Amino acid sequence: MISYKDSGVDIDAGNALVEGLKPLVKSTFNHNVIGGVGSFAGAYALPSGYKNPVMLAATDGVGTKLRLAIEAQQFESIGIDLVAMCVNDLICNFGLPLFFLDYYATGKLDKDVALRVIEGIAQGCKIAQCALIGGESAEMPGMYAQNDFDLAGFAVGIAEREDVQLQKVQAGDVLIALKSSGIHSNGYSLVRKVLFENLKMDYQTTFENQALIDVLLAPTRIYVPLFREIYHSSHYEALHALAHITGGGIVENLPRIFPAHLGAKIHLDSIQIPPIFDLLGKYVYKDEMFRTFNMGVGMILAVNKYKVDDILRLSHTFGGYIIGEVCEGSGVELI
């Protein structure tokens, strides 16, 4: 007789993972979470205090940054990346993250690795102040190599309908850049091509007084705490839009916040570019750099020009600085 385990799927290992992650998951709960861990679906009570609430949802992964984490056997922060890529998108539609779910698929389930990854997811949820209310772990031999796995994340948030629908960006708005923590979670296929295939560097190569792998695996910054602070401040009306700078860089993501008749001028000499991009830029065309990487800018805020100092003060801990302005026209002009 043949068992499921003989085919490569270990039900007992999956059950052991669930038991191990229960305290991690529960550590993210708040009073809106209904029930515990292990039901067929997570339940979350709709927060009160909204006049006309709408739900928002975002999903993402971490791309080939995951390949570096697997090869380096460094799994502690990749879960933060997963949460960040989703919740940073939510706040761009003025949504406060409520809860998060994850999907972990692998060829052969390694409970210890999975727990390290999910611990990072729980940590990311705590930073974003959202609850990890569910997830799925799938062991699929034949779909993935034994030591490989993939991640997907799903975040749900809430906003006032007026904030989601109202187009507040106007000519003259000032654009404030928030610093990234590094490359974040986009462009790693190009990173790997340049650094490891072309330059033959290795993970332990010293770069800026760190091992190169530590620079590359720096977790994506989560900007939700700043958004929450602005949201609950008297300066909320001054925040007209947010743009998460992911794949496509500034030139492709910033236009997503503009109506048809508006564009932006970005002052190149004002961008605070981290050294890792200077290194990559020696081997990649400038235009390609700016349409692939965030170049040190993880988020851009469009702000009422009369309230810039107030928003800069609030964004101080996120390294906020002026990067450009909104103008008549279309697209993004790098000047």
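As recorded by an unreviewed UniProt entry, the protein carries the name Phosphoribosylformylglycinamidine cyclo-ligase and is attributed to Helicobacter jaachi. Its UniProt record gives the protein a comment under Pathway (unreviewed entry), which states: "Purine metabolism; IMP biosynthesis via de novo pathway; 5-amino-1-(5-phospho-D-ribosyl)imidazole from N(2)-formyl-N(1)-(5-phospho-D-ribosyl)glycinamide: step 2/2." What UniProt states about the protein under its Sequence similarities (unreviewed entry) heading is, verbatim, "Belongs to the AIR synthase family."

One open sheet holds the six strands; their spatial order is β10-β12-β7-β13-β11-β14, and the pairing between them is mixed. Lying at the two open borders of the sheet, with one neighbouring strand each, are β10 (239–244) and β14 (332–334). Across the sheet, the mean angle from the axis of one strand to that of its neighbour is 25 degrees, orientation sign disregarded. Most of the contacts of helix α3 (residues 78–91) go to β10, to which it runs at about 155 degrees, and overall it touches β10 and β12 (297–303).

For the rest of this paragraph, the subject is the sheet that holds strand β4 (residues 96–106). For sheets, the rule is that strands pair by backbone hydrogen bonds, running either parallel or antiparallel. Taken in spatial order, the four strands of this open sheet run β3-β6-β4-β5, and their pairing is mixed. With partners counted over all chains shown, the strands left at the sheet margins are β3 (53–60) and β5 (131–139), one partner each. For this sheet, the mean inter-axis angle between neighbouring strands, taken without regard to orientation, is 15 degrees. Pairing geometry for β3 and strand β6 (residues 149–160), over eight bridges, is antiparallel.

Here we take up the domain arrangement of the protein. Each assigned domain of the protein is listed with its residue range as follows: domain 1 (4–165) and domain 2 (173–334). If you average the C-alpha positions of domain 1 and of domain 2, the two centres end up 25 Å apart. Residue-level contacts link 30 residues of domain 1 with 32 residues of domain 2. Interface area for domain 1 against domain 2, summed over the two sides, is near 2800 Å², with a carbon-plus-sulfur share of 66%. Seen at the junction of domain 1 and domain 2, the total is zero salt bridges. Inspection of the region where domain 1 meets domain 2 yields 15 residue pairs in polar contact (both at pLDDT 80 or more). For the side of domain 1 that touches domain 2, the secondary structure elements donating two or more residues are α2 (65–72), α3, β4 and α4 (111–128).

Turning to the packing of aromatic side chains, a few remarks are in order. In this description, a pair of aromatic rings is defined by centroid distance and the angle of the planes. All told, the structure shown has 11 aromatic pairs when counted by the stated rule. Ring centres 5.3 Å apart and planes at 45 degrees place the aromatic pair Tyr44 and Phe99 in the tilted group. With a gap of 55 residues between them, Tyr44 in strand β2 (residues 43–44) and Phe99 in strand β4 connect regions that are remote in the sequence. Classification of Phe99 as buried rests on a relative accessible area of 14%. Residues Phe196 and Tyr203 carry aromatic rings whose centres are separated by 5.1 Å and whose planes lie at 80 degrees to one another, so their mutual orientation is edge-to-face. One exposure class covers both Phe196 and Tyr203, and it is buried. Ring pairing ties together the aromatic residues Phe94, Phe227, Tyr231 and Tyr236, which thus form one cluster.

For α3, with 14 residues, the first-to-last C-alpha span of 21 Å sits near the 20 Å given by 1.5 Å per residue. Here α3 lies mainly inside the structure; 13 of its 14 residues are buried.

This next bit is on the state of the cysteines. Disulfide: a covalent bond connecting the sulfur atoms of a pair of cysteines. Within this structure, the stated rule accounts for zero disulfides. Here Cys92 is not disulfide-linked; the sulfur of Cys86 is the nearest cysteine sulfur, at 12 Å. On the basis of relative accessibility, which here comes to 16%, the residue Cys92 falls in the buried class. Left without a disulfide partner, Cys130 is nearest to the cysteine sulfur of Cys125, which lies 4.0 Å away.

Empty space among the atoms can be located by rolling a probe the size of a water molecule over them. If you add up the space inside the second largest pocket, you get close to 410 Å³. Taken together, 22 residues line the second largest pocket, and the ones lying closest to its centre are Cys92, Asn93, Leu242, Arg256 and Ile257. Of all the elements in the fold, those that place two or more residues in the lining of the second largest pocket are β3, α3, α5 (161–165) and β10. If one sorts the elements of the lining of the second largest pocket by residue count, β10 sits on top with five residues.

Parameters and conventions
Residues numbered from 1 in each chain as written. Predicted model: local features only at pLDDT ≥ 70, side-chain atom pairs only at ≥ 80, totals over all residues. Heavy atoms only, no water. UniProt positions renumbered as here; feature names shortened; annotations may be inferred. Pairing = 2+ DSSP bridges. Helix = DSSP H or I, 4+ residues; strand = E, 2+ residues; numbered from the N terminus. Axes fitted to C-alpha atoms, helices over the stretch in contact; angles between N-to-C directions. Contact = heavy atoms within 4.5 Å. Domains from an automatic or database assignment. Buried area = accessible area lost by both parts, 1.4 Å probe. Salt bridge = Lys/Arg side-chain N within 4 Å of Asp/Glu carboxyl O. Polar contact = N/O pair within 3.5 Å; in protein donor to acceptor, adjacent residues only side chain to side chain. Phe/Tyr/Trp six-rings, centres within 6.5 Å; stacked < 30°, edge-to-face > 60°. Buried < 20%, exposed > 50% of the residue type's maximum accessible area, 1.4 Å probe, protein only. Expected span 1.5 Å × (residues − 1). Disulfide = S-S within 2.5 Å. 1 Å grid on protein atoms, 1.4 Å probe; cavity = no way out; pocket = protein on both sides within 12 Å on 5 of 7 lines; lining within 4 Å. Points joined across faces, edges and corners; volume = space filled by probe spheres on them.

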